[in-house]
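Now for the letters of each chain:
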Amino acid sequence: MEEKNIIIICGHYGSGKTNFSINLALSERRMYEKVLLIDMDIVNPYFRSSDYSSALTEKGIDIISPIYAGSTLDIPALSPKIDAALSGGYQKIIIDAGGDDAGATALGTFSSRISGVGYNMLYVANMYRPLADTPEKAAQILKEIEAAARLKVTGIVNNSHLGEYTDIDTINSSVNYIDKLSELTGLPVVYTAVKRQIADESRLDINGLFEIDIHVIPPWKE
Amino acid sequence: MSKRVLMKGNEALAEAAIQAGCIHFFGYPITPQTEVAAYMSKRLPKIGGVYLQAESELAASNMLLGAAASGIRAMTSSSSPGISLKTEAISYMAGSDVPALIVNVQRGGPGLGGIQPSQADYFQATRALGHGDFQVLVFAPATVQEIMDLVYLAFDRAEEYRVPAMILADGMLGQMMEPVVIEKPQTSPHEKPWAASGHQNKRRHNIINSLYLQAEELENRVIERYKRYEIIKEKEQRAEEYLMEDAEIAVVAYGATSRIVKAAVKEAREQGVKAGCIRPITLWPYPTDTIAKYVNQVKCFLSVEMSMGQMVEDVRLAVNGAVPVEFYGRTGGVIPEPGEVLAKIMELGR
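Cut-offs applied
- Residues numbered from 1 in each chain as written.
- Chains lettered and ligands numbered in written order.
- Predicted model: local features only at pLDDT ≥ 70, side-chain atom pairs only at ≥ 80, totals over all residues.
- Heavy atoms only, no water.
- Helix = DSSP H or I, 4+ residues; strand = E, 2+ residues; numbered from the N terminus.
- Rg over C-alpha atoms; globule rule 2.2 N^0.38 Å.
- Buried < 20%, exposed > 50% of the residue type's maximum accessible area, 1.4 Å probe, protein only.
- Contact = heavy atoms within 4.5 Å.
- Lys, Arg positive; Asp, Glu negative; His and termini not counted.
- Charge placed at Lys NZ, Arg CZ, Asp CG, Glu CD.
- Polar contact = N/O pair within 3.5 Å; in protein donor to acceptor, adjacent residues only side chain to side chain.
- Domains from an automatic or database assignment.
- Buried area = accessible area lost by both parts, 1.4 Å probe.
- Salt bridge = Lys/Arg side-chain N within 4 Å of Asp/Glu carboxyl O.
- Expected span 1.5 Å × (residues − 1).
- Phe/Tyr/Trp six-rings, centres within 6.5 Å; stacked < 30°, edge-to-face > 60°.

### Some points on the overall build of chain A
(1) Moving on: When helices and strands are tallied, chain A shows nine helices and eight strands.
(2) Moving on: The C-alpha atoms of chain A give 16 Å as radius of gyration, which agrees with the globular expectation for 222 residues (17 Å, within 12%).
(3) Moving on: Over its C-alpha atoms, taken along the principal directions, chain A stretches across nearly 45 × 35 × 35 Å.
(4) Moving on: The buried share among the 222 residues of chain A stands at 54%.
(5) Moving on: Restricting to contacts in chain A with at least 6 residues of sequence separation, those with at least 24 account for 75%.
(6) Moving on: Looking at charge distribution, chain A has the averaged site of its 20 positive side-chain charges lying 4 Å from that of its 29 negative ones.

### Re the side chain of Arg279 of chain B
Residue and element names in this part refer to chain B.
(1) Moving on: Position of Arg279 among the secondary structure elements: in strand β11 (residues 275-280).
(2) Moving on: Reaching out from Arg279, the side chain makes a polar contact with the side chain of Glu240 at a distance of 2.6 Å.
(3) Moving on: Ignoring any residue separated from it by four or fewer positions in sequence, one finds Arg279 in contact with Ala140, Pro141, Ala142, Glu146, Ala239, Glu240, Ala253, Tyr254, Ser258 and Lys262.

### Some points on the environment of Leu283 of chain B
Residue and element names in this part refer to chain B.
(1) Moving on: By secondary structure assignment, the location of Leu283 is in strand β12 (residues 282-284).
(2) Moving on: Separated by 117 residues in sequence, Leu283 and Met166 have C-alpha atoms that sit 9.8 Å apart.
(3) Moving on: Those residues in contact with Leu283, other than ones at most four positions away along the chain, are Tyr122, Thr126, Val138, Ala140, Leu168 and Tyr254.

### Some details on the domain arrangement of chain B
Residues and elements named next belong to chain B.
(1) Moving on: Structurally, chain B comprises domain 1 (3-192 + 208-235) and domain 2 (240-349).
(2) Moving on: Computed from C-alpha coordinates alone, the two centres of domain 1 and domain 2 are separated by 26 Å.
(3) Moving on: Taken together, the contact pairs 31 residues of domain 1 with 26 residues of domain 2.
(4) Moving on: With both sides pooled, the region where domain 1 packs onto domain 2 buries about 2400 Å², and carbon together with sulfur makes up 57% of that total.
(5) Moving on: The interface formed by domain 1 and domain 2 holds three salt bridges in total.
(6) Moving on: The partner of Glu178 in a salt bridge is Arg259, and the shortest N-O contact between them spans 2.5 Å.

### What to know about the side chain of Gln19 of chain B
Residues and elements named next belong to chain B.
(1) Moving on: Assignment of secondary structure puts Gln19 in helix α1 (residues 9-19).
(2) Moving on: A relative accessible area of 11% means that Gln19 is categorised as buried.
(3) Moving on: Here the side chain of Gln19 touches Lys184 through a polar contact of 3.2 Å, side chain to side chain.

### A short note on helix α1 (residues 17-29) of chain A
Residues and elements named next belong to chain A.
(1) Moving on: With 13 residues, α1 should cover 18 Å at 1.5 Å per step; its first-to-last C-alpha distance of 18 Å lies within 8% of that length.
(2) Moving on: Burial runs high along α1: 12 of the 13 residues are buried.
(3) Moving on: Turning to α1, its buried residues are Lys17, Thr18, Asn19, Phe20, Ser21, Ile22, Asn23, Leu24, Ala25, Leu26, Ser27 and Glu28.

### Regarding the packing of aromatic side chains
(1) Moving on: This structure, assessed with the given rule, holds seven aromatic pairs over all chains.
(2) Moving on: Between Phe20 of chain A and Tyr191 of chain A the ring centres are 5.8 Å apart and the planes differ by 50 degrees, which places this aromatic pair in the tilted class. Here Phe20 of chain A is found in helix α1, whereas its partner Tyr191 of chain A is found in strand β7 (residues 189-195), with 171 residues between them in sequence.
(3) Moving on: Judged by its relative accessible area of 1%, Phe20 of chain A is buried.
(4) Moving on: Ring geometry for Tyr122 of chain B against Tyr254 of chain B: centres 5.8 Å apart, planes inclined by 45 degrees, an arrangement best described as tilted.

### Some words on helix α2 (residues 34-43) of chain B
(1) Moving on: All of the buried residues along α2 of chain B are Glu35, Val36, Ala37, Tyr39, Met40 and Arg43 of chain B.
(2) Moving on: Looking at the buried side of α2 of chain B, the elements it contacts are β1 (4-8), α1, β2 (24-27), β3 (50-53), β4 (74-78) and α7 (171-175) of chain B.

### Some points on the interface of chain B and chain A
(1) Moving on: The partner chain A presents 23 residues to the 30 residues of chain B that form the contact.
(2) Moving on: Ranking the residues of chain B by area buried against chain A places Arg4, Leu6 and Ile115 of chain B at the top, with a combined share of 24%.
(3) Moving on: For the interface between chain B and chain A, the tally reads three salt bridges.
(4) Moving on: Between Asp100 of chain A and Lys42 of chain B there is a salt bridge, with the nearest N and O atoms lying 3.0 Å from each other.
(5) Moving on: If you look at where chain B meets chain A, you find seven residue pairs in polar contact (both at pLDDT 80 or more).

The following block contains the structure:
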């Protein structure tokens, strides 16, 4: 996958896009000075990347949120700052899209701008999500997202996990699923996201291993 | 299907209903419960069910009354302001002795309020989910797995007693994701000889109705219903007791709040204060017996809620003046943090 200025994170609903986006932004920040995370999730008002903005801004990552994110107003409005940001000034822009085709619709608005700048679009998949639990279902949702976003997915992220029940078997059991998804779509598996602790303990050796920390957690685990 | 999957609370509400044989859903979108309807809209057409987005909340709950009157398992769901709109038909269901499931994924109120989690509809659920003399069964899950279990139980008990049942969740529980094991329910739907399902010239026709113009007749109907409520109060109280064996402070909390409370209780014990948690699983009937069991053991009770203090009144009724009953709450969509609850426990523990 050729390196591009913009990385879009899309995926089926509840696949773990937000947690992956936060980790990716933090990882990119280690290589680049000017990193921006755009929270484009105007579908789900809970557990979105805007909720974690202080952890990101502390590390020098800029964030653009939907205008009313974090307020109790349920109005799906995107910030005009997105347009300005796409015009230049950032070395890496990570876009956290909403789930499914409904969530990706907002991306469609910017598709020609994004195509002009150059992008990679990663499809995050978790085989333990009931409505995407077969490679066929996951591939179908991927197609629907591409149509809504008017952009093409360029790679797959295996984010198969079971929350706190995740262990090494959880991840190993997902390999066939993700390979089949890759075969069905003709897209490469770019990353396999694994909780840092599990990756360390099991000395996992897989191509594209991407160690992640869990940022999206309920208040009693903070 | 008995595998472990990762689900949102709202998805589990929907999938559990489907597993329980409920393939008729009537709803209307509202944050933070919209995933219940979204999930139903994706699943039900594939399994021969009916997903119907009504023109309003009231229409949806009247459709539920009609569907349930025919004897099938059916449900509706909404969040706080939407539940207020549904209450007319819920009262009709109670007055018609029709079992059905209503889900409330609570958000901040009053009015349109906000979209963040809340428990401020406790009074509405347990005191007056519509006009007239009636109660509905109210179940309060605290985990996504428990959502599945309580949806099964709610359908079963609603049919056994011929009363509507409510799952009272909150935005946090509806939106959070947890691993769940989907298992088939242990019980099958009850026989419903009363249902208006077509007599086919083989029996007298059944009438589902809540209108009784003769005062004595209506009174008799209500009295009969209240006799059932007494049986429910005797047999259906449910609560979890956590670290209560030697507790000196009993913290009472339900739903997502109970998980914050448990974290605080554990920390309080590490700091030398013997705290425990009583978690009501049924809110009506209220687990009065579990609370009352501890009045001679603890020095005080503390009710923690995402409201200005509603369930605390049921704690006071159960404690009946034996020991002090304190309250700590956040409202409007603010979720109390474990540290705040801990501070309150430590203050009482001194």
